[in-house]
Amino acid sequence: MPSVYRAHCSNCKFTRDVLEDYVYVGEDGSITGLPHPEDDALKDIGLTWNGAAVTGRLVKESEMVCDQCGKLNGIKEIVLPAFALLNWVGLTATIIIVPLVFFLFESHLLQLIVGIGGILCVTIVYTLQLRRRVKSRDRVSDDLVCRYCGSEGLIPYPDFENEPDSKLLCSKCGQRTMEPDRDYYALS
Ligand SMILES: [Zn+2]
Ligand SMILES: [Zn+2]
């Protein structure tokens with residue numbers, strides 16, 4: 001069940017849907033579509049969002065706009081794990097750091113600053129490391145390059161919609177006169 005955005009050409013009235021979808025690629029290469037809300041769909045196959053992201057098998061399939069030629073490119077990208085305090089690293093850091101700062105500092109302010117800072121640091125460093133590992137094993141993501149003109153300026157469609165004067169190239173009349181229907185959003 002992809003998210004559907006829509007654009008229409010002010011020159012020839014052609015309309016086009018722009019899709020954004022998430023899938024989970026199994027170890028055997030099987031592809032499970034994840035209907036919205038994706039968290040619930042993942043729960044059905046025994047995974048959480050971050051649990052799936054850590055495997056490098058959670059994939060976003062979307063259409064991105066080239067900032068040079070205005071054409072849409074179908075792009076696959078793996079989803080990287082998000083920063084989460086409530087994982088085992090965050091909890092372990094809390095268990096170790098909290099008694100330590102009480103032991104080391106008398107000032108409550110210092111306890112608070114060093115405690116929270118320390119827990120955040122450990123979590124951030126751990127997540128960056130995790131993301132780097134998932135990225136290094138990535139065999140799924142497409143290069144973020146326009147396959148029509150070679151530009152490296154690909155913009156996710158929802159961001160493109162938010163830009164004033166955003167215009168797509170119309171595949172029917174060949175003019176750069178396709179405007180986003182900003183009020184349109186559907187799940188198909
Ligand atoms: Zn292009
Ligand atoms: Zn047109």
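Structure shown above.
Residues numbered from 1 in each chain as written. Chains lettered and ligands numbered in written order. Predicted model: local features only at pLDDT ≥ 70, side-chain atom pairs only at ≥ 80, totals over all residues.

### Observations concerning the overall build of the chain
Then step 1. Within the chain one finds 5 helices and 8 strands.
Then step 2. Along its sequence from the N terminus, the chain presents helices and strands in the succession β-β-β-α-α-β-β-α-α-β-α-β-β.
Then step 3. Here the chain has a C-alpha radius of gyration of 22 Å; the compact-globule value for 188 residues is 16 Å, and the former is much larger.
Then step 4. For the C-alpha atoms alone, the extent of the chain along its principal axes is close to 70 × 40 × 30 Å.
Then step 5. Classification of the 188 residues of the chain by burial places 21% in the buried group.
Then step 6. Counted over contacts in the chain with a minimum sequence separation of 6, partners at least 24 positions apart contribute 65%. (Helix = DSSP H or I, 4+ residues; strand = E, 2+ residues; numbered from the N terminus. Rg over C-alpha atoms; globule rule 2.2 N^0.38 Å. Buried ≥ 20, exposed ≤ 12 C-beta atoms within 10 Å, placed from the backbone. Contact = placed C-beta atoms within 7 Å.)

### Focus: the pairing of strand β4 (residues 58-66)
Then step 1. Taken across its 9 residues, β4 has 7 buried, putting it largely inside the fold.
Then step 2. Both strand β2 (residues 15-25) and β4 contribute to a ladder of 5 bridges, which runs antiparallel. Note that in β4 the partner of Y24 across the bridge is L58.
Then step 3. Two strands pair when backbone bridges link them, and β4 and strand β5 (residues 72-78) are joined in this way by 7 bridges, in the antiparallel orientation. Bridge pairing links M64 to N73 in β5.
Then step 4. Taking the residues that link successive antiparallel strands as the turn, the β4-β5 hairpin has 5 residues, and the phi of G70 there is positive, at about 75°.
Then step 5. In terms of strand pairing, β4 meets strand β6 (residues 154-156) through 3 bridges, oriented antiparallel. Directly across from V65, in β6, lies its bridge partner I155. (Pairing = 2+ DSSP bridges.)

### Some details on the environment of S141
Then step 1. Of note, S141 is situated in the loop between α4 (108-136) and β6.
Then step 2. Since 15 C-beta atoms lie within 10 Å of it, S141 is described here as partly exposed.
Then step 3. With near-sequence residues (within four places) excluded, S141 lies in contact with K76, E77 and I78.

### Quick look at the packing of helix α3 (residues 88-104) against α4
Then step 1. The interhelical angle for the contact between α3 and α4, taken along N-to-C directions, is 155°, at an axis separation of 9 Å. One finds that α3 runs roughly antiparallel with respect to α4. Considering the relative orientation of α3 and α4, their crossing is right-handed. Listed contacts from α4 to V89, G90, A93, T94, I97, V98, V101 and F102 of α3 are Q111, V114, G115, G118, I119, V122, T123 and Y126.
Then step 2. When the residues that make up the contact of α3 with α4 are grouped by side-chain class, the tally is 10 nonpolar, 6 polar and no charged. (Axes fitted to C-alpha atoms, helices over the stretch in contact; angles between N-to-C directions. Parallel < 35°, antiparallel > 145°, perpendicular 65-115°, else oblique. Left-handed = near helix turned anticlockwise from the far one by under 90°. Nonpolar A, V, L, I, M, F, W, Y, C, P; charged D, E, K, R; others polar.)

### Points about the nonpolar core
Then step 1. Core analysis: the largest hydrophobic core is formed by 15 residues, its most contacted members being V18, V65, L154, Y157, L168 and M178.
Then step 2. Looking at this core, the elements that each hand over two or more residues are β1 (3-9), β4 and α5 (157-162).
Then step 3. The contacts of V18, once residues within four sequence positions are left out, are Y5, R6, A7, E63, L72 and Y157.
Then step 4. In this structure, Y22, Y24, L34 and L42 belong to the second largest nonpolar core, which totals 11 residues. (Core = buried A, V, L, I, M, F, W, Y, C linked by C-beta atoms within 7 Å.)

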